[in-house]
Amino acid sequence: VQLQASGGGLVQAGGSLRLSCAASGLTFSSYVMGWFRQAPGKEREFVVSISGGGGSTRYSPSVKDRVTISRDNAKNTVYLQMNSLKPEDTAVYYCAADRRFLTSTSYAYWGQGTQVTVSS
(Lines give C-alpha, C1' and ligand atoms only; values in the text may rest on other atoms or scores of the structure.)
Protein backbone atom coordinates (compact mmCIF):
# COMPACT_ATOMS: atom_id res chain seq x y z
CA VAL A 1 0.00 0.00 0.00
CA GLN A 2 1.23 3.46 -0.88
CA LEU A 3 -0.26 6.78 0.09
CA GLN A 4 1.23 9.85 -1.55
CA ALA A 5 0.27 13.19 -0.05
CA SER A 6 0.83 16.42 -1.93
CA GLY A 7 -0.31 20.02 -2.14
CA GLY A 8 1.37 21.50 0.88
CA GLY A 9 3.25 24.76 0.79
CA LEU A 10 3.64 28.23 2.22
CA VAL A 11 0.52 30.35 2.49
CA GLN A 12 -0.39 33.56 4.27
CA ALA A 13 -2.84 33.58 7.13
CA GLY A 14 -6.38 33.65 5.81
CA GLY A 15 -5.41 31.77 2.69
CA SER A 16 -6.41 28.35 1.41
CA LEU A 17 -4.75 25.11 0.39
CA ARG A 18 -5.99 21.88 -1.08
CA LEU A 19 -4.11 18.74 -0.14
CA SER A 20 -4.38 15.53 -2.10
CA CYS A 21 -3.55 11.95 -1.20
CA ALA A 22 -3.28 9.37 -3.94
CA ALA A 23 -3.59 5.76 -2.86
CA SER A 24 -2.47 2.56 -4.51
CA GLY A 25 -2.23 -1.08 -3.56
CA LEU A 26 -5.58 -1.27 -1.80
CA THR A 27 -9.26 -1.42 -2.62
CA PHE A 28 -9.66 2.27 -2.05
CA SER A 29 -13.42 2.40 -1.60
CA SER A 30 -13.18 -0.17 1.19
CA TYR A 31 -11.02 2.08 3.33
CA VAL A 32 -11.70 4.98 5.61
CA MET A 33 -9.30 7.79 4.80
CA GLY A 34 -8.06 10.19 7.42
CA TRP A 35 -5.98 13.33 7.62
CA PHE A 36 -3.72 14.01 10.57
CA ARG A 37 -1.20 16.71 11.33
CA GLN A 38 1.88 17.06 13.47
CA ALA A 39 3.35 20.38 14.47
CA PRO A 40 6.95 20.66 15.69
CA GLY A 41 7.28 19.36 19.22
CA LYS A 42 3.69 18.14 19.34
CA GLU A 43 1.95 14.82 18.98
CA ARG A 44 0.26 13.83 15.79
CA GLU A 45 -3.39 14.84 15.94
CA PHE A 46 -6.54 13.88 14.10
CA VAL A 47 -7.99 16.39 11.65
CA VAL A 48 -10.74 14.67 9.71
CA SER A 49 -11.80 11.34 8.24
CA ILE A 50 -14.20 10.09 5.59
CA SER A 51 -15.88 6.73 5.12
CA GLY A 52 -15.18 4.50 2.17
CA GLY A 53 -18.22 5.59 0.23
CA GLY A 54 -17.80 9.19 1.23
CA GLY A 55 -21.15 9.47 2.95
CA SER A 56 -19.85 9.93 6.49
CA THR A 57 -17.24 12.27 7.87
CA ARG A 58 -15.74 13.06 11.23
CA TYR A 59 -14.06 16.36 12.01
CA SER A 60 -11.88 17.61 14.79
CA PRO A 61 -13.70 20.47 16.50
CA SER A 62 -10.62 22.65 16.08
CA VAL A 63 -10.93 22.69 12.29
CA LYS A 64 -14.53 21.75 11.59
CA ASP A 65 -15.61 25.11 10.18
CA ARG A 66 -12.52 25.58 8.04
CA VAL A 67 -11.79 22.27 6.34
CA THR A 68 -13.61 19.93 4.02
CA ILE A 69 -12.68 16.37 3.22
CA SER A 70 -13.76 14.65 0.04
CA ARG A 71 -12.77 11.64 -2.00
CA ASP A 72 -12.89 10.46 -5.57
CA ASN A 73 -12.97 6.68 -5.54
CA ALA A 74 -12.56 6.54 -9.30
CA LYS A 75 -9.20 8.28 -8.89
CA ASN A 76 -8.21 6.60 -5.59
CA THR A 77 -7.67 10.04 -4.14
CA VAL A 78 -8.77 11.88 -1.03
CA TYR A 79 -8.69 15.65 -0.70
CA LEU A 80 -8.45 18.11 2.16
CA GLN A 81 -9.62 21.63 1.41
CA MET A 82 -8.40 24.06 4.07
CA ASN A 83 -9.66 27.62 4.25
CA SER A 84 -9.04 30.60 6.54
CA LEU A 85 -5.70 29.13 7.47
CA LYS A 86 -4.04 30.25 10.70
CA PRO A 87 -0.40 30.15 11.77
CA GLU A 88 -1.33 27.42 14.25
CA ASP A 89 -2.31 25.21 11.32
CA THR A 90 1.38 24.96 10.45
CA ALA A 91 2.30 21.28 10.54
CA VAL A 92 3.16 18.26 8.49
CA TYR A 93 -0.10 16.82 7.21
CA TYR A 94 -0.43 13.07 6.80
CA CYS A 95 -3.05 10.96 5.10
CA ALA A 96 -3.88 7.53 6.43
CA ALA A 97 -6.04 4.55 5.56
CA ASP A 98 -7.82 1.94 7.65
CA ARG A 99 -10.88 -0.24 7.44
CA ARG A 100 -12.12 1.15 10.77
CA PHE A 101 -13.67 4.58 11.21
CA LEU A 102 -11.08 5.94 13.62
CA THR A 103 -10.13 9.28 15.06
CA SER A 104 -7.05 7.89 16.77
CA THR A 105 -3.65 7.38 15.16
CA SER A 106 -4.18 3.62 14.94
CA TYR A 107 -4.54 3.67 11.16
CA ALA A 108 -2.96 0.78 9.31
CA TYR A 109 -1.34 2.73 6.49
CA TRP A 110 0.30 6.16 6.38
CA GLY A 111 1.56 8.50 3.73
CA GLN A 112 4.83 10.40 3.95
CA GLY A 113 3.35 13.78 4.87
CA THR A 114 3.27 17.17 3.22
CA GLN A 115 4.39 20.38 4.92
CA VAL A 116 1.92 23.21 5.39
CA THR A 117 3.32 26.50 6.63
CA VAL A 118 1.06 29.44 7.38
CA SER A 119 2.73 32.80 7.79
CA SER A 120 1.25 35.60 9.86
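Structure first, text after, so check above.
These remarks concern the structure in this document. Note that this is a predicted model, so its numbers are computed, not measured.

Rules behind the numbers
Residues numbered from 1 in each chain as written. Predicted model: local features only at pLDDT ≥ 70, side-chain atom pairs only at ≥ 80, totals over all residues. Heavy atoms only, no water. Pairing = 2+ DSSP bridges. Helix = DSSP H or I, 4+ residues; strand = E, 2+ residues; numbered from the N terminus. Axes fitted to C-alpha atoms, helices over the stretch in contact; angles between N-to-C directions. Phe/Tyr/Trp six-rings, centres within 6.5 Å; stacked < 30°, edge-to-face > 60°. Buried < 20%, exposed > 50% of the residue type's maximum accessible area, 1.4 Å probe, protein only. Lys NZ or Arg CZ within 6 Å of the ring centre and 35° of its normal. Disulfide = S-S within 2.5 Å. Salt bridge = Lys/Arg side-chain N within 4 Å of Asp/Glu carboxyl O.

**As for the sheet that holds strand 8 (residues 77-82)**
With respect to topology, four strands assemble into an open sheet ordered 1-3-8-7, the strand pairing being antiparallel. Looking along the sheet, the strands with just one partner apiece sit at the ends: strand 1 (2-6) and strand 7 (67-72). Each strand axis lies, on average, 15° off the axis of its neighbour in the sheet, ignoring direction. In terms of strand pairing, strand 7 meets strand 8 through six bridges, oriented antiparallel. Following the sheet pairing, I69 is matched in strand 8 by L80.

**A look at the environment of Y109**
Within the element layout of this structure, Y109 appears in strand 10 (residues 109-110). Through-space distance from the C-alpha of Y109 to that of R44 is 15 Å; in sequence the pair is 65 residues apart.

**Some remarks on the packing of aromatic side chains**
Taken as a whole and assessed by the stated rule, the structure comprises six aromatic pairs. Taken together, a centroid distance of 5.7 Å and an interplanar angle of 75° make the contact between F36 and F46 edge-to-face. Of this pair, F36 sits in strand 4 (residues 32-38) while F46 sits in strand 5 (residues 45-50), placing them ten residues apart in sequence. Residue class for F36 comes out buried when judged on its relative accessible area of 0%. Grouped by ring-pair contacts, the aromatic residues F36, F46, Y94, Y107 and W110 constitute a single cluster. One cation-aromatic arrangement involves R18 over Y79; the distance from NZ or CZ to the ring centre is 4.0 Å. Seen from the ring of F28, R71 lies directly overhead, with NZ or CZ sitting 4.3 Å from the centre.

**Section: the state of the cysteines**
Within the structure shown, the criterion is met by one disulfide. Through a disulfide, C21 is tied to C95; the S-S separation comes to 2.1 Å. Looking along the S-S bond of the C21-C95 disulfide, the torsion reads about 60°, which is the right-handed sense. One end of the pair, C21, is in strand 3 (residues 17-24); the other, C95, is in strand 9 (residues 91-98), and 74 residues separate them in sequence. Among the residues examined, C21 registers a relative accessible area of 0% and is labelled buried.

**A look at the pattern of salt bridges**
Going through the model one piece at a time under the given rule, you end up with four salt bridges. With a closest N to O distance of 2.6 Å, R37 and E45 form a salt bridge. For E45, a relative accessible area of 35% corresponds to the partly exposed category. Between D89 and R66 there is a salt bridge, and its shortest N-O distance comes to 2.7 Å. With D89 in the loop between strand 8 and strand 9 and R66 in the loop between strand 6 (57-59) and strand 7, this pair connects stretches of sequence that are 23 residues apart.

By themselves these figures say nothing about function.
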